[in-house]
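Structure assessment
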Amino acid sequence: MKRNIGVPIVLVITLIFMASIVISDGTLSKVGVVSQNLSLIDAYVTPNVQVIGNDVQLYINATDYEFLWADITLPNSSIVKVTLVNDAFTNYTTLLLGQHNITFWAQNLLTNQTQNLTDYFIVVNNSLVFNAFLINNTYTGENSTLDIKYAGSVVKSKQSDVGNFTNITAPDYVYDLLFQKYDNSLYAELKDINISKQNNRTIGFDKITNTSWLDSSFPEVTEPLGLYAVTDQVSDNITNRTGFSLSSMDITLSYATLAYSNEDYLDLYFCNDWNFSERDCAGNFVSIGSNATLYKNTDQIVISLTEYGALIVSQEEEPVIPPGGGGGRGGGGPITAPVVPPEENIDIKITVDAPNSIDYSEILLPFTVTIENTGTIELTGINYAVTIPEPWDFDFSFNIDSLGPGEMFTTELDARNNLCSTNINAETIRSLVGANSKLTAAVTSLEGADDSTDHDIFMNPEDFIVISAPVNSADANMLVCIIYDNINKPAKPQAEIEFQTSYEGSDGIIDYFKFELETDEMFISTKNYPLINLPRDRTFDLSGKLYLAGDLLSPAYIEDTAGSKANLEI
């Protein structure tokens, strides 16, 4: 997927329960609204060649769609519509011979968007049992692999310890045959092989790494490192084998284990008159490196040939340039390494760094959000928002003007703990907090960019009571919030908590709490008390006592500071 440089992108990151991303012309979506940016990610048919009466499978993968289907244009030009299931295969039974063209459709009526991808398959009349063989220069079978391919996809594959690829049932058609040998260091892909006309054929492979023998036998090669041969000279007096007729073939060979000194100056030599059994070239090896391609990342050389023969990888000398003048070099030229331009793609990585454990009595939850452009083009007009559901009171959005490839933007944020707010229902809080709560940031609809990060934040909570007592001077009310979490503690039936206030040495009970605690439960309660009869110009102290079946377990004394915490040792 690609995006042109400068197109505005809007990211909306919703923490914990949802992630919403909207890409538009700069407007910011409301958090929690699912993106409606239709994206047809992938669609194809398999196999591409099938015998009539058998099924092919149609696959599609899309996001933000309402309808998915495929239009199959039959060889008689009529069209069959097949309803598809997302990220799944749907069977279609073949009824006519010939080529079937497919258009895969994804549609979103809400945003008036439609996208499509195309593919095709061929229906043939019969299948056949295909056999092929691979031998070395002693006419002995070799451990090797055969892939029967059509349109770049593998139709059938078989591995044999002795090079016998027999009893392969495949639709009767024209394929590419890919033979692999020597731990995949030599590949030969024969093009356009009609398997019914070239059934029971044999191919010969050879490999020589004895460089001293090569050097003395073929002096026209600068510095031979290794020899590879692919041939149709496969007949002997016993088996009377027949080789594959060749129109063209792609040869891939590995130089990873060859003793080269400078891969920038490797050359490739070819002999088209190779004696397979004698390991000898009746003519001369000729440099063909200028026609080959060197892939440094895989240590492979690839070349297309129209005739069988032998190939030698050679180490050429690096040219010496004399002072004040130009220089030359002997032998052939170095094999060309392809220049692969970077693909223009958009990819964004979202990272959230949050604490692994939270003290419910703390007012603020600190965390950081990092957005990194891991794609290859500059992104502009990035807007995103962060929202955390209750009990954290947080809603924040901001803009990033531009973010180049490899650049990142990091911001530090604080979410306010609203756990003891009188507007929050205690039952709701029980479901929101606990050992399984998560803080999540995700990008889910950014033209294929997909990143999601989960962080466990409410882990390993302790037993505690929080008494939050901010005094409102206008109406003289005091809010008391009690939180008790006994995760991983034994069940405690009939636990009781008592609270008192005191000022100027006088004690007065404000309220009496009695509740039962079960294992792995959290108790949360908030109370709002009028202080109309208490002096407002005094400092109040709160005391909490925990009883079990009438016995005092632990007292705790705290000041009337909002968010204070009293630990009760049990």
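None of these values were measured; they are calculated from a predicted model. (Residues numbered from 1 in each chain as written. Predicted model: local features only at pLDDT ≥ 70, side-chain atom pairs only at ≥ 80, totals over all residues. Heavy atoms only, no water.)

Let's shift gears to the sheet that holds strand β12 (residues 144-150). Within the open sheet, the seven strands sit side by side as β13-β12-β15-β16-β19-β25-β24. Their pairing is antiparallel. If you trace the sheet from one side to the other, it starts and ends with β13 (153-160) and β24 (293-295), each paired once. Across the sheet, the mean angle from the axis of one strand to that of its neighbour is 20°, orientation sign disregarded. Pairing geometry for β24 and strand β25 (residues 300-305), over three bridges, is antiparallel. Across the sheet, the residue bridging to L294 is I301, located in β25. (Pairing = 2+ DSSP bridges. Helix = DSSP H or I, 4+ residues; strand = E, 2+ residues; numbered from the N terminus. Axes fitted to C-alpha atoms, helices over the stretch in contact; angles between N-to-C directions.)

Turning next to the pattern of salt bridges. Inspection of the entire model under this criterion finds seven salt bridges. A salt bridge links E142 to K181, with the nearest nitrogen and oxygen atoms 3.6 Å apart. One end of the pair, E142, is in the loop between β11 (127-135) and β12; the other, K181, is in strand β15 (residues 174-181), and 39 residues separate them in sequence. Where K296 meets D264, a salt bridge forms, and the shortest distance between an N and an O atom there is 2.3 Å. Residue K296 is located in the loop between β24 and β25, and its partner D264 is located in the loop between β19 (249-254) and β20 (266-271); the two are separated by 32 residues in the primary sequence. Residues joined by salt bridges that share partners form a network here, namely K149, D176, E189, K191 and D250. (Salt bridge = Lys/Arg side-chain N within 4 Å of Asp/Glu carboxyl O.)

Take the state of the cysteines next. Counting across every chain of the model gives one disulfide. In this model, C271 is linked to C281 through a disulfide, with the two sulfur atoms separated by 2.0 Å. Taking the torsion about the sulfur-sulfur bond, which here is approximately 95°, the covalent link between C271 and C281 counts as right-handed. Placement of the pair is C271 in strand β20 and C281 in strand β22 (residues 280-281), with a sequence separation of 10 residues. With respect to burial, C271 and C281 carry one shared label: buried. (Disulfide = S-S within 2.5 Å. Buried < 20%, exposed > 50% of the residue type's maximum accessible area, 1.4 Å probe, protein only.)

What follows is about unusual backbone geometry. Working note: non-glycine residues mostly have negative phi, and peptide bonds are mostly trans. A cis geometry characterises the amide bond from T46 onward to P47, with omega recorded as -10°. With respect to the helices and strands, the residue P47 is situated in the loop between β3 (39-46) and β4 (49-51). The backbone phi angle of D64 is positive, close to 55°, even though this residue is not glycine. Within the secondary structure layout, D64 lies in the loop between β5 (55-63) and β6 (67-73). Overall, D64 belongs to the buried group, its relative accessible area being 16%. At R279, a residue that is not glycine, the phi angle is positive and equals roughly 55°. Note on placement: R279 falls in the loop between β21 (274-275) and β22. A relative accessible area of 27% means that R279 is categorised as partly exposed.

It is worth spelling out the confidence of the model for the protein at this point. Per-residue pLDDT for the protein averages 74, and the proportion of residues at 70 or more is 58%. Segment residues 557-570 is flagged for pLDDT under 50; beyond a separation of four residues in sequence, or across chains, it makes 50 contacts in the model. (pLDDT = per-residue confidence, 0-100. Contact = heavy atoms within 4.5 Å.)

Of all 10 residues that make up strand β28 (residues 364-373), seven are buried, and the element is covered over most of its length. In the sheet, strand β27 (residues 348-353) pairs with β28 via six bridges, with the strands oriented antiparallel. Directly across from D353, in β28, lies its bridge partner T368.

The biggest cluster of nonpolar side chains holds 46 residues, and the ones touching the most others in it are F130, F179, L190, F244, I251 and L268. If we ignore the near neighbours within four places in the chain, the residues touching F179 are A132, L134, T145, L146, F165, L186, Y187, A188, L190, I203, F205 and F244. In this structure, V56, L68, Y92 and A106 belong to the second largest nonpolar core, which totals 20 residues. (Core = buried A, V, L, I, M, F, W, Y, C linked by side-chain atoms within 4.5 Å.)

Before going further, it helps to examine the sheet that holds strand β8 (residues 88-93). Here three strands make up an open sheet; going across it, the order is β3-β5-β8 and the pairing antiparallel. Two strands in the sheet have a free side with no partner beyond their single neighbour: β3 and β8. The sheet shows a mean angle of 20° between the axes of neighbouring strands, direction not considered. Relative to β5, β3 runs antiparallel, the two sharing seven bridges. Across the sheet, Y44 pairs through a bridge with Y59, a residue of β5.

Within the secondary structure layout, A188 lies in strand β16 (residues 186-194). With a relative accessible area of 0%, A188 lands in the buried category. In the structure, A188 is positioned 42 residues away from V230 in sequence and 7.5 Å away in space, judged by C-alpha atoms.

Another point: the packing of aromatic side chains. According to the stated counting rule, one finds 17 aromatic pairs in the structure shown. Look at Y120 and Y150: their rings are 6.4 Å apart centre to centre, the planes differ by 75°, and that puts the pair in the edge-to-face class. In this pair, Y120 sits in strand β10 (residues 113-124) while Y150 sits in strand β12, placing the two residues 30 residues apart along the sequence. The buried category is assigned to Y150, whose relative accessible area is 12%. For the ring pair Y139 and F276, a centre distance of 6.4 Å and an interplane angle of 85° mean the geometry is edge-to-face. Taken together, the positions of Y139 in the loop between β11 and β12 and F276 in the loop between β21 and β22 put the pair 137 residues apart, joining distant regions of the chain. Residue Y139 is classed as partly exposed on the basis of its relative accessible area of 23%. Accessibility expressed as a relative area gives 0% for F276, which makes it buried. Aromatic ring contacts, followed pair by pair, group Y120, Y150, Y173 and Y175 into a single cluster. The ring of W69 carries the charged tip of K81 above its face, separated from the ring centre by 4.7 Å. Its guanidinium or amino end placed over the ring of F133, R241 lies 5.9 Å from that ring's centre, counting from NZ or CZ. (Phe/Tyr/Trp six-rings, centres within 6.5 Å; stacked < 30°, edge-to-face > 60°. Lys NZ or Arg CZ within 6 Å of the ring centre and 35° of its normal.)

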